[in-house]
Amino acid sequence: MLQEATGWILRLENAHRDSPLFQQFNDWLTSCEEHRKAWERANKTWQVLGAINLAPGQEGSSDVPQRSKPPISPADPTRSARPIVARKLYRRPAAVVAAVAAACILWFTVPAMLLAFRADYRTATGETEVVHMADGSTVELGGASAISTDIDTTQRRVTLLAGSAFFDVTPDAERPFIVDVEGLEVRVLGTAFDIQLSSASTSVALLRGSVEAVAETGNQTSEHLEPGQMLVLDHATDAVTINKMPLEDIGSWREGKIFLVNTTVGEAVELIQRYHDAWVSIPDATLANRRVSGLFDLRDPDRALATLVEPFGGRVRSITPFARVISRL
C-alpha cells in the first residue's frame with residue numbers, strides 16, 4: 001500500500017494542474033482508510049527528505065505552477081483530517097533525485113536489516129549462492145533470498161524467509177527434510193524441488209522424487225506432487241492450485257530466467273525486483289492485477305519488465321538510476 005502511495009507522488013509530480021489524474025487520485029485516496037494512512041506515511045517520508053512542500057496554504061513563487069488539491073466534498077466531516085496533496089513541487093531536479101535515492105535506500109535497507117537478524121544465509125539483489133548443508137543436501141538461493149536452518153542428528157529443517165530457493169536433498173529415511181515457508185510445510189526424504197515466496201503466493205515445483213506439501217490453513221490441505229507439477233498457495237484466499245510445468249523450467253532462475261504461470265503482473269514485478277538494482281513501483285492497480293504466463297530474462301531486468309507490461313499498454317519509466325515506475329500513461 002505504501003508503494004502505491006509513493007507511486008502517486010511520482011505520477012502527480014509531472015501532471016498538469018487540470019490533469020484527470022488528480023480526480024483519480026482523490027478517488028483512490030477516499031476509497032478506504034488504509035489508502036489515507038499510506039498517503040500520510042508517504043508524504044511524511046518525502047517531506048523529511050526535502051523533495052516536497054506539503055504545508056497547506058503555502059504559496060510558491062510566480063514562476064512555479066501551483067497544483068490544485070483533489071476535490072473533497074465540503075460536506076465531508078473528515079475533510080480537515082485528510083492529507084493535502086502537494087501544492088508546490090520544487091523545481092530542483094538534483095533535490096528530487098536525491099530524495100528518490102534516499103527513499104529507495106530506506107525501502108531496501110530497513111527490511112534487509114530486519115531479515116538479517118533471522119537469517120543464517122541470505123543473498124543480495126541479483127546474487128545467487130549455493131549453501132552446503134551438514135547432511136550433504138544443497139540449497140541454492142536466488143536473488144534477495146534468505147533461509148534459516150536447523151539441521152542436527154535428530155532433524156533437518158529449513159525455513160525460507162524470503163525469495164526463492166532450489167533444494168537438492170540427500171536421502172535419509174530416519175530424518176525427513178522439512179521446509180517451512182509462509183503458509184506451507186514441505187516434507188521430503190530425498191528429492192529436488194524449487195520454492196518461490198512472494199507477498200501474494202507461495203509455490204512449490206517438483207523436479208524429481210516426490211514431496212508432500214501441507215497447506216497450513218483451516219483445512220490443513222495435503223498434496224503429494226509428482227515431477228513436473230507446481231503447487232501454488234494464494235495468501236489472500238488460501239486457495240491451492242496445481243499446474244503442470246516443463247521440467248526444464250523448474251528453477252530456471254538459476255540460469256537467469258523466470259517461468260511464470262498465470263501470475264499477476266504485480267507479483268511478477270516483485271519477483272523480477274529481486275534481480276533489479278532499482279526500486280520498482282507499479283501504482284496502477286488495474287495493470288498490476290492483469291495475469292501473465294511465460295519465460296522472462298532476468299539478466300536484463302528492465303527488458304523483462306517492459307516485456308511483461310507492454311502487452312497491456314504499460315511502460316517502464318526510469319525516474320532515476322535508482323527508481324522505476326510502471327504505468328499505462
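Quick caveat, the model's predicted, so the values are computed rather than measured.

Rules behind the numbers
Residues numbered from 1 in each chain as written. Predicted model: local features only at pLDDT ≥ 70, side-chain atom pairs only at ≥ 80, totals over all residues. Heavy atoms only, no water. Helix = DSSP H or I, 4+ residues; strand = E, 2+ residues; numbered from the N terminus. Buried < 20%, exposed > 50% of the residue type's maximum accessible area, 1.4 Å probe, protein only. Core = buried A, V, L, I, M, F, W, Y, C linked by side-chain atoms within 4.5 Å. Pairing = 2+ DSSP bridges. Axes fitted to C-alpha atoms, helices over the stretch in contact; angles between N-to-C directions. Contact = heavy atoms within 4.5 Å. Phe/Tyr/Trp six-rings, centres within 6.5 Å; stacked < 30°, edge-to-face > 60°. Lys NZ or Arg CZ within 6 Å of the ring centre and 35° of its normal. Salt bridge = Lys/Arg side-chain N within 4 Å of Asp/Glu carboxyl O. Polar contact = N/O pair within 3.5 Å; in protein donor to acceptor, adjacent residues only side chain to side chain.

## Some points on unusual backbone geometry
The phi angle at Asp-238 is positive, at roughly 65°, despite the residue not being glycine. With respect to the helices and strands, the residue Asp-238 is situated in the loop between strand 14 (229–234) and strand 15 (240–244). Judged by its relative accessible area of 41%, Asp-238 is partly exposed.

## Section: the nonpolar core
Ranked by size, the top nonpolar core spans 29 residues in total, and within it Leu-260, Val-265, Val-269, Ile-282, Leu-308 and Ile-326 carry the most contacts. Of all the secondary structure elements, the ones that give two or more residues to this core are strand 14, strand 16 (257–264), helix 5 (265–273), helix 6 (285–288), strand 18 (291–297) and helix 7 (301–309). Looking at this core, the element that brings in the most residues is helix 5, giving five residues. Core analysis: the second largest hydrophobic core is formed by 27 residues, Phe-177, Val-204, Leu-206 and Ala-215 among them.

## Overview of the sheet that holds strand 17 (residues 279–281)
Spatial strand order, 17-20-19: three strands in an open sheet with mixed pairing. Of all strands in the sheet, those bounded by a partner on one side alone are strand 17 and strand 19 (315–320). Recorded for the sheet is a direction-independent mean angle of 25° between the axes of neighbouring strands. Summarising the sheet, strand 19 and strand 20 (residues 323–327) pair through five bridges and their orientation is antiparallel. Following the sheet pairing, Val-316 is matched in strand 20 by Ile-326. Against the sheet, helix 7 makes contact with strand 17, strand 19 and strand 20, and its axis sits at roughly 140° relative to strand 19, the strand it touches most.

## Side note on the packing of aromatic side chains
Inspection of the entire model under this criterion finds three aromatic pairs. Ring plane angle 65° and centroid distance 6.1 Å describe the contact between Phe-167 and Phe-177, whose orientation is recorded as edge-to-face. Of this pair, Phe-167 sits in strand 7 (residues 156–168) while Phe-177 sits in strand 8 (residues 177–181), placing them ten residues apart in sequence. Take Phe-167 and Phe-177: they sit in the same class, and that class is buried. Looking at Arg-254, its charged tip hangs above the ring of Phe-166, at a distance of 3.6 Å from the centre.

## Looking at the pattern of salt bridges
Close approach of charged atoms lets side chains of opposite charge pair. Taken as a whole and judged by the stated rule, the model has twelve salt bridges. The closest approach of N and O atoms between Arg-157 and Glu-185, which form a salt bridge, is 3.6 Å. Taken together, the residues span a long stretch of sequence, with Arg-157 in strand 7 and Glu-185 in strand 9 (residues 184–188) at a distance of 28 residues. What makes Glu-185 buried here is its relative accessible area of 13%. Its salt-bridge partner being Arg-208, residue Asp-168 comes within 2.7 Å of it at the nearest N-O pair. Of this pair, Asp-168 sits in strand 7 while Arg-208 sits in strand 11 (residues 201–208); the two residues are 40 residues apart in sequence, bridging distant segments of the chain. A network of salt bridges, in which partner residues are shared, links Arg-157, Asp-180, Glu-185 and Arg-187.

## Some thoughts on the side chain of Thr-264
With respect to the element layout, Thr-264 can be found in strand 16. Within polar-contact distance, the side chain of Thr-264 engages the backbone nitrogen of Glu-267 at 3.1 Å. Dropping the residues within four chain positions of it, Thr-264 is found in contact with Ala-288, Asn-289, Arg-290 and Arg-291.

## Re the side chain of Asp-172
Along the chain, the position of Asp-172 falls in the loop between strand 7 and strand 8. Asp-172 sits in the buried class, given a relative accessible area of 19%. Only 3.1 Å separates the side chain of Asp-172 from the backbone nitrogen of Glu-174, close enough to count as a polar contact. In this structure the side chain of Asp-172 is engaged in a polar contact, spanning 2.9 Å, whose partner is the side chain of Arg-175. Residues in contact with Asp-172, not counting those within four places in the same chain, are Arg-156 and Leu-189.

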